[in-house]
Amino acid sequence: MSEQVEFRNVSFRYQEDAPRVLKNVNFSINRGEWVAVIGHNGSGKSTIAKLMNGLLFAEAGEVRVSGEVIGEENIWEIRKRVGMVFQNPDNQFVGTTVRDDVAFGMENRGIPREEMLQKVPESLEAVQMGAYEEHEPHRLSGGQKQRVAIAGVLAVAPDYMIMDEATAMLDPKGRHEILETVRKVQQASDLTLITITHDLNEIVAADRVLVMNEGEVWFEGTPREVFAYKEDLSRIGLDVPLVAKLTEELRKQGIDLEEEPLNHEEMVEELWNLHSKM
Ligand code: ADP
């Protein structure tokens, strides 16, 4: 079965008399896919992440992971398969060295020592942190910390990795590097990746995007399809990237680009294409 995460008519509220923060949400994610979940603050993204690994339970509807409905009886099993990386890397460290940190999650799972000795360097290598085993985690840069956190998740070999605003505290360069890293790791390991963000620049490399608005799935499609919505995106509280704004301005001036560019390089490419046809 290729459908790995499935939300079927899922609704959720935090308190009985509070309004629902998820309203009849339906979507599915396939094995090995990278799905970006984007939406304004408070649109329900983190709630979705918490429902996926059993930190919360659906009030109505079903959340399925690998075909199993998540419930009290299987959450520990499910959590082994669903790894999470959060926004603030400092809250995720416990060890005095990078190596201890990556090993910590494995120790918790009772993974044999020989396997740990092999997996720790392997996981650090996968995120280009192989040279930092002996380093103290708190001395690393924000981007390096997040890579170590990702290595910790990879070391226990989950089927799914959820990154909840995991690049939000990094500068643009750090952000780009992390997204490149996870892309490589995801392709090499058949990992199903779910990234949660409020920044449209971060959806560019995903296979598919779920756009959330006020607790509902507002749109589901490729990054290019999402970028084409522009004005609607700013209406639902998302900052439209410069490239998308420029495309819109050109269109208003009667200059229609053939394909919706996702970044500066593609924009330049499209403009050259137009130029050569003139
Ligand atoms: P996002 O991740 O998109 O910012 P969340 O899923 O965190 O959105 O929140 C969705 C809604 O649920 C928001 O209105 C938020 O205020 C509310 N909410 C989130 N966590 C709690 C909580 N622990 N108790 C009560 N309300 C909450």
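1. Focus: the pairing of strand E8 (residues 192-197)
No. 1: Counting buried positions along E8 yields 6 of 6 residues, so the element is predominantly enclosed.
No. 2: As paired elements, strand E3 (residues 34-39) and E8 share 5 bridges and run parallel to each other. Note that in E8 the partner of isoleucine 38 across the bridge is threonine 197.
No. 3: Sheet topology places strand E7 (residues 160-164) next to E8; 5 bridges connect them, and they run parallel. Residue pairing across strands places methionine 161 opposite leucine 193, the latter belonging to E8.
No. 4: For the crossover from E7 across helix H6 (residues 172-189) to E8, the handedness is right-handed.

2. A closer look at unusual backbone geometry
No. 1: Despite not being glycine, glutamate 214 has its phi angle at roughly 45 degrees, a positive value.
No. 2: As for its placement among the helices and strands, glutamate 214 is situated in the loop between strand E9 (208-213) and strand E10 (216-221).
No. 3: For lysine 230, which is not glycine, the phi torsion reads 35 degrees and is therefore positive.
No. 4: Residue position: lysine 230 is located in the loop between helix H7 (223-227) and helix H8 (231-235).

3. Describing the packing of aromatic side chains
No. 1: Taken as a whole and assessed by the stated rule, the structure comprises 4 aromatic pairs.
No. 2: For the ring pair tryptophan 218 and tyrosine 229, a centre distance of 5.3 Å and an interplane angle of 65 degrees mean the geometry is edge-to-face. Of this pair, tryptophan 218 sits in strand E10 while tyrosine 229 sits in the loop between H7 and H8, placing them 11 residues apart in sequence.
No. 3: Geometry around tryptophan 76 places arginine 79 over its ring, the cationic atom sitting 4.9 Å from the centre.

4. With respect to the site of the ligand
No. 1: Around the ligand, the surrounding shell consists of Tyr14, Gln15, Val21, His40, Asn41, Gly42, Ser43, Gly44, Lys45, Ser46 and Thr47.
No. 2: The contact in question runs from an oxygen atom of the ligand to an N or O atom on the backbone of serine 43, over 3.1 Å.
No. 3: Threonine 47 places a polar side-chain atom, nitrogen or oxygen, 2.5 Å from an oxygen atom of the ligand.
No. 4: Coverage of the ligand by the protein amounts to 60% of the 570 Å² it exposes when considered alone.
No. 5: Here the shell around the ligand is built from residues that sort into 2 nonpolar, 8 polar and 1 charged.

5. Structural notes on the sheet that holds E8
No. 1: Overall, mixed pairing links the 6 strands, which are arranged E6-E7-E8-E3-E9-E10 in an open sheet. Of all the strands in the sheet, the pair left with one neighbour each is strand E6 (82-85) and E10. Here the average twist between neighbouring strands, direction ignored, is 20 degrees.
No. 2: Along the sheet face, helix H5 (residues 142-155) touches E6 and E7 and points at about 170 degrees away from the line of E6.

Reading guide: rules and limits
Residues numbered from 1 in each chain as written. Predicted model: local features only at pLDDT ≥ 70, side-chain atom pairs only at ≥ 80, totals over all residues. Heavy atoms only, no water. Buried < 20%, exposed > 50% of the residue type's maximum accessible area, 1.4 Å probe, protein only. Helix = DSSP H or I, 4+ residues; strand = E, 2+ residues; numbered from the N terminus. Pairing = 2+ DSSP bridges. Right-handed = clockwise from strand over helix to strand, strands pointing away. Phe/Tyr/Trp six-rings, centres within 6.5 Å; stacked < 30°, edge-to-face > 60°. Lys NZ or Arg CZ within 6 Å of the ring centre and 35° of its normal. Near = heavy atom within 4 Å. Polar contact = N/O pair within 3.5 Å; in protein donor to acceptor, adjacent residues only side chain to side chain. Areas by Shrake-Rupley, 256 points an atom, 1.4 Å probe, with all protein chains shown as cover. Nonpolar A, V, L, I, M, F, W, Y, C, P; charged D, E, K, R; others polar. Axes fitted to C-alpha atoms, helices over the stretch in contact; angles between N-to-C directions. Contact = heavy atoms within 4.5 Å.

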